[in-house]
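# Geometric and topological summary
For reference, the chains in residue letters:
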Amino acid sequence: MVKGKISLNENGVEDTVNIHDDVETIKSKKRKAALTWYIFLLPSFLGILLFMVYPIVESFRLSFFRSNGTIETFIGFSNFQLVLTSKTFWNTVWNTFFIGFFQIFLTIPLGFIFASLINSIRRGQNFFKVVYFLPNVTSIVAAAMIFQFVLHPEMGVVNYALDAIGLPTSTWFSDPSTSKWGVILLAVWHWIGFVIIICLANLQAISPEMYEAAKIDGASGLQQWLFITIPNMSGTFAFLLITGWIGSLQRFNEVYVLGGPNGSPARSIQTMGAFIYERGFTGFEFGIASAATYIMFVIILIFTFINLKVSKMQL
Amino acid sequence: MEKVKHFWLMLLFLLMVVIVTVGCSPDDTAGDGDGSESNDDVVEGDWEGQTINVQLIGDFDMEDSTDPITGEKTQGLQVIKDEFESQHPGATVEFTIMPWEGYTEKTQAMITSGEADVYQMPGIADFAAQGVLEPLEPYIEEDPDFDLDRFIDNQVEGWKALGPDSDELGIWGLPFLGDARFIAYDKQLFDEWGVEYLSEYPTMEEVAEKAKQMTGTNPETGEQNYGIWFRGDWSSAFTLINLAEGQNGSWGSGFAWDEIEFNFDSPEMESGLEWLLEMQEYAPEGLVSDQGSEKWLTQDNDIAIMLNQGPGDTIMPAYAQGLGERIGIVQEFKNDEGVGGMFAGSPITMAKDSDNKELAWEWMKFATSETVQQYVFEEANGMPAIQAAESWESYAEVENLMAPTMEAMSTPWTPRYPWASSQPRFILTSEVEAALTGERSAKEAVEKAQKESEEWLENRN
């Protein structure tokens, strides 16, 4: 069987060209190829639908119910009202932002300084990169358990060092006023390796010609660092700021290990994530936990939007 | 050429789909992943073809292993499985073992999807109210071979709960693992300080006085000693409630949520918290973050009295460290009726949607028989829940610590605190912590705990 296609020859006379079925056009070939790749994407897409989209939708539905997992009652926006008027929840928001703020605004400058120092040495760069990156590959749960001993009031190495140099010691995780700082110390220690590696990658991408030109113009090392290095790092700083904040606002693992679901002592290190866990998985209040999850999502969304605007980062 | 390429790509894709499908599909003939094996060659018998899945929490293992504390070889659950299956020809029992970490949500997930027939279920009150459990009274009444007298006093009472439509407490679970709270102390430190051992039923005054006497530099060793220690975070709410009970107070009343009335701001609770604040002066720093007691149950121990202790962390570890005779156990604070202390442990329950309820009931009887209870005590470092334990040889070897533990198991506050896994527990814990860290006075803390717990209850109802 052939398909007929009419066309005009050079003399303007009608001519017929026969095209066989089995000859594919370029368009149909492209369509088939694209279809093949869609089929390849299907398993992972199904996984996302099942394990991400469905729980997100289900959690949204649950946020309008009083639910203990099996028995459900529709209560409208009551869960949202309860969470938004809960002092405990706003305390967790404060804790989350407090720990996140100091983690980020200590780690990024410190990490950048360390990266600059590592970048300026000629030998042993890889050694220092590995040493500084090691904490980041350590499990945060294991690190949190070790930090409990590091910051132990009587046997801890930090108090021992403070005492040795004549500074006052602290009870760290046993005092609500210092427990947050214990978490911040742990978070800085854990994240700084990542910050150093990212900063180093950017530092090594800055053209040496700029430094040579500055040297010819008589710029000192500090001036080069201030007026060439730092302006060229702005994209990296923005990236670290945004990813750092998102990670900080989701903080759960280390505070759960250090203070349990209620962020002991006296809820001083309970974060938004821990609040959700406490209400959902220890008290069977899945509706409240779901509502708190969506409120946390909105908070992260708004804050990330502000961060993007402030840092002028392009998505 | 292009067609051939497409053909091979599609073939590869299909192959991957088949592998993933086969890999993820349930395999009825395989073990359940925790080392149990199905019995393909079932013996002909009354229970032909029936299978039950039993969920267990904690230090259970299908295979034989070495105990990390005592260094002794322990038998796996396989011996229990073999024994049950030999007693019930044709039946198969499979186990799903989970760690204590996150057991509540895992149990919720399992029972919602009908994964097991019998559950070890400390949170029985929450699940019975959901209507997912089978009431056990009919089975108990109709079974002439079963008698509730086998259990230690108060154990059955302690696990009673309310069903979804019932107004009276009923039996939804049988005691499986026993547990208790008691006061432990170091006899050696008492001897070194020349202080008389704690009496069997100490009062708050006695504990306070002796703790005060033993805080300071040990007259014999010259080491710093502390009179007392208690956990200031996770379990501090229960320590405080026991102090109130010791003064004839209580946490409140009721069991169903719409009947519960909290008593967190009672004078007994306030004075109990004041007492804890006083005791903090005789304790090492760090108790609010579960620190300071690292030397307990070691040869270098520096703490004389430990409040609110449990048998799992005390009895076998003490013997493993060669301190079996050095450690003493006395009762927590009791009211005038001799009752006080948190009720704890694990019951076993039957799922309402179990397909083999008769066999599940047979397992429940078996699990509370001497065979399994002795196995739990000797091989899994668990406390038995039956009275017959007192006649075992293994019990006699550790009797000086087990006898007061059994006494503690028979005199806790029953029924168990219905709010023990809910928000009021965390509210009270946080307020005890706030008082211990100087954020609030004892009075302010208990009043805030009362107010927040009442508000929570109001919203819940």
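Just so we're clear, the structure is a prediction, and the values are computed from it rather than from any experiment.

### Some remarks on unusual backbone geometry
With an omega of 0°, the peptide bond between Ser264 of chain A and Pro265 of chain A qualifies as cis. Structurally, Pro265 of chain A is set in the loop between α11 (253-259) and α12 (272-282). In this chain, Thr414 of chain B is followed by Pro415 of chain B through a cis amide linkage whose omega measures -10°. You can see Pro415 of chain B is positioned in the loop between α15 (399-409) and α16 (423-436). Its identity is not glycine, yet Ala266 of chain A carries a phi of approximately 50°, on the positive side. Here Ala266 of chain A shows up in the loop between α11 and α12. Of the residues examined, Ala266 of chain A has 28 C-beta atoms within 10 Å and is grouped as buried. Even without being a glycine, Asp290 of chain B presents a positive backbone phi close to 60°. Counting through the fold element by element, Asp290 of chain B comes out in the loop between α10 (267-279) and β12 (303-309).

### Considering the sheet that holds strand β14 (residues 345-350) of chain B
Residues and elements named next belong to chain B. With mixed pairing, the five strands of this open sheet are ordered in space as β4-β1-β5-β14-β6. In the strand order of this sheet, the two ends are held by β4 (92-98) and β6 (173-178), each with one partner. Strand-to-strand twist across the sheet, computed as the mean angle between neighbouring axes with direction ignored, equals 20°. Here strand β1 (residues 51-57) pairs with strand β5 (residues 118-120) via two bridges, running parallel. Along β5, the bridge assignment pairs Val54 with Val118.

### Some remarks on the sheet that holds strand β13 (residues 327-331) of chain B
Residue and element names in this part refer to chain B. One open sheet holds the five strands; their spatial order is β8-β9-β12-β7-β13, and the pairing between them is mixed. On the outer flanks of this sheet lie β8 (216-217) and β13, each paired with one strand and no other. Examined bridge by bridge, strand β7 (residues 182-186) and β13 share five bridges and lie antiparallel to one another. Looking at β13, one finds that Phe182 is bridged to Gln331. With respect to the sheet, α15 is in contact with β7 and β13, its orientation differing from that of β13 by roughly 20°.

### Focus on the interface of chain B and chain A
By a widespread convention, an interface's size corresponds to the accessible area lost as its parts come together. Taken together, the contacts link 31 residues of chain B with 28 residues of chain A. Per-element accounting of the side of chain B that touches chain A gives the leading share, six residues, to α16 of chain B. Residue classes in the side of chain B that touches chain A are distributed as nine nonpolar, 16 polar and six charged.

### Here's the deal with the nonpolar core
Ranked by internal contacts, the top residues of the largest apolar core, which has 127 residues, are Val118, Ile228 and Trp363 of chain B. If one sorts the elements of this core by residue count, α16 of chain B sits on top with seven residues. Built from parts of two domains, this core gets at least three residues from each of domain 1 (51-179 + 345-409) and domain 2 (182-341 + 422-460) of chain B. Setting aside residues no more than four positions away along its own chain, Ile228 of chain B makes contact with Ala211, Met279, Tyr282, Ala283, Ala304, Ile305 and Leu307 of chain B. Counting residues in hydrophobic clusters, the runner-up holds 48 residues, among them Leu82, Tyr132, Ala144 and Ala289 of chain A.

### Thoughts on the packing of α10 of chain B against α16 of chain B
Axis angle and axis distance: for two packed helices, these are the angle between their axes and the distance between the axes, and together they describe the pair. Residue and element names in this part refer to chain B. Relative to each other, α10 and α16 sit at 45°, their axes nearing to 10 Å. Accordingly, the angle class assigned to the pair α10 and α16 is oblique. Note on packing geometry: the crossing formed by α10 with α16 is right-handed. For the pair formed by α10 and α16, the contact residues are Leu273, Leu276 and Leu277 on the first element and Val432, Ala435 and Leu436 on the second.

### Description of the domain arrangement of chain A
Structurally, chain A comprises domain 1 (2-62) and domain 2 (81-311). Its C-alpha centre places domain 1 of chain A at a distance of 48 Å from the equivalent point of domain 2 of chain A.

### A word on the environment of Gly254 of chain B
All names here are of chain B. Along the polypeptide, Gly254 turns up in the loop between β10 (252-253) and β11 (261-262). Taking the number of C-beta atoms within 10 Å as the measure of exposure, Gly254 has 13 and is therefore partly exposed. On a C-alpha basis, the gap between Gly254 and Tyr417 in space is 9.5 Å, while along the polypeptide they are 163 residues apart. Apart from the residues lying within four places of it in its own chain, the contact partners of Gly254 are Glu259, Ile260 and Glu261.

### Details of the environment of Arg416 of chain B
Residue and element names in this part refer to chain B. In this structure, Arg416 sits in the loop between α15 and α16. A residue is classified by how many C-beta atoms lie within 10 Å of it, and Arg416, with 23 of them, is buried. Distance in space between the C-alpha atoms of Arg416 and Gly71 is 35 Å, their sequence separation being 345 residues. If we ignore the near neighbours within four places in the chain, the residues touching Arg416 are Gly158 and Phe343.

### Considering the environment of Ser264 of chain A
Secondary-structure assignment places Ser264 of chain A in the loop between α11 and α12. A count of 30 C-beta atoms within 10 Å places Ser264 of chain A in the buried class.

### Regarding α12 of chain A
α12 of chain A sits mainly inside the fold: 10 of its 11 residues count as buried. Looking at α12 of chain A, one finds that the buried residues are Met272, Gly273, Ala274, Phe275, Ile276, Tyr277, Glu278, Arg279, Gly280 and Thr282 of chain A. Buried-residue contacts for α12 of chain A involve α3 (87-120), α10 (234-249), α11 and α13 (286-311) of chain A together with α3 (103-112) and α16 of chain B. Once α12 of chain A ends, the next one or two residues include Phe284 of chain A, with phi positive near 55°.

### Description of the pairing of β4 of chain B
Regular strands place side chains that alternate from one sheet face to the opposite one. All names here are of chain B. Counting buried positions along β4 gives five out of seven residues, so the element sits mostly inside the fold. The pairing of β1 with β4 spans seven bridges and is classified as parallel. Each bridged residue has a counterpart across the sheet, and for Gln55 the counterpart in β4 is Thr96.

### Remarks on the domain arrangement of chain B
All names here are of chain B. When the domains of chain B are assigned, the result is domain 1 (51-179 + 345-409) and domain 2 (182-341 + 422-460). Here the C-alpha centre of domain 2 lies 29 Å away from the C-alpha centre of domain 1. In this complex, domain 1 contributes 15 residues to the contact, which on the side of domain 2 involves 21 residues. For the side of domain 1 that touches domain 2, the per-class residue count stands at nine nonpolar, four polar and two charged.

### Observations regarding the packing of helix α9 (residues 236-246) of chain B against α10 of chain B
Residue and element names in this part refer to chain B. The N-to-C vectors of α9 and α10 enclose an angle of 120°; their axes lie 8 Å apart at closest approach. Classed by the angle they form, the pair α9 and α10 counts as oblique. Our pair here, α9 against α10, has a crossing hand that is right-handed. Residue-level inspection shows Leu240, Leu243 and Ala244 of α9 in contact with α10, the latter providing Glu268, Met269, Gly272, Leu273, Trp275 and Leu276.

Cut-off values and rules
- Residues numbered from 1 in each chain as written.
- Chains lettered and ligands numbered in written order.
- Predicted model: local features only at pLDDT ≥ 70, side-chain atom pairs only at ≥ 80, totals over all residues.
- Helix = DSSP H or I, 4+ residues; strand = E, 2+ residues; numbered from the N terminus.
- Buried ≥ 20, exposed ≤ 12 C-beta atoms within 10 Å, placed from the backbone.
- Pairing = 2+ DSSP bridges.
- Axes fitted to C-alpha atoms, helices over the stretch in contact; angles between N-to-C directions.
- Contact = placed C-beta atoms within 7 Å.
- Nonpolar A, V, L, I, M, F, W, Y, C, P; charged D, E, K, R; others polar.
- Core = buried A, V, L, I, M, F, W, Y, C linked by C-beta atoms within 7 Å.
- Domains from an automatic or database assignment.
- Parallel < 35°, antiparallel > 145°, perpendicular 65-115°, else oblique.
- Left-handed = near helix turned anticlockwise from the far one by under 90°.

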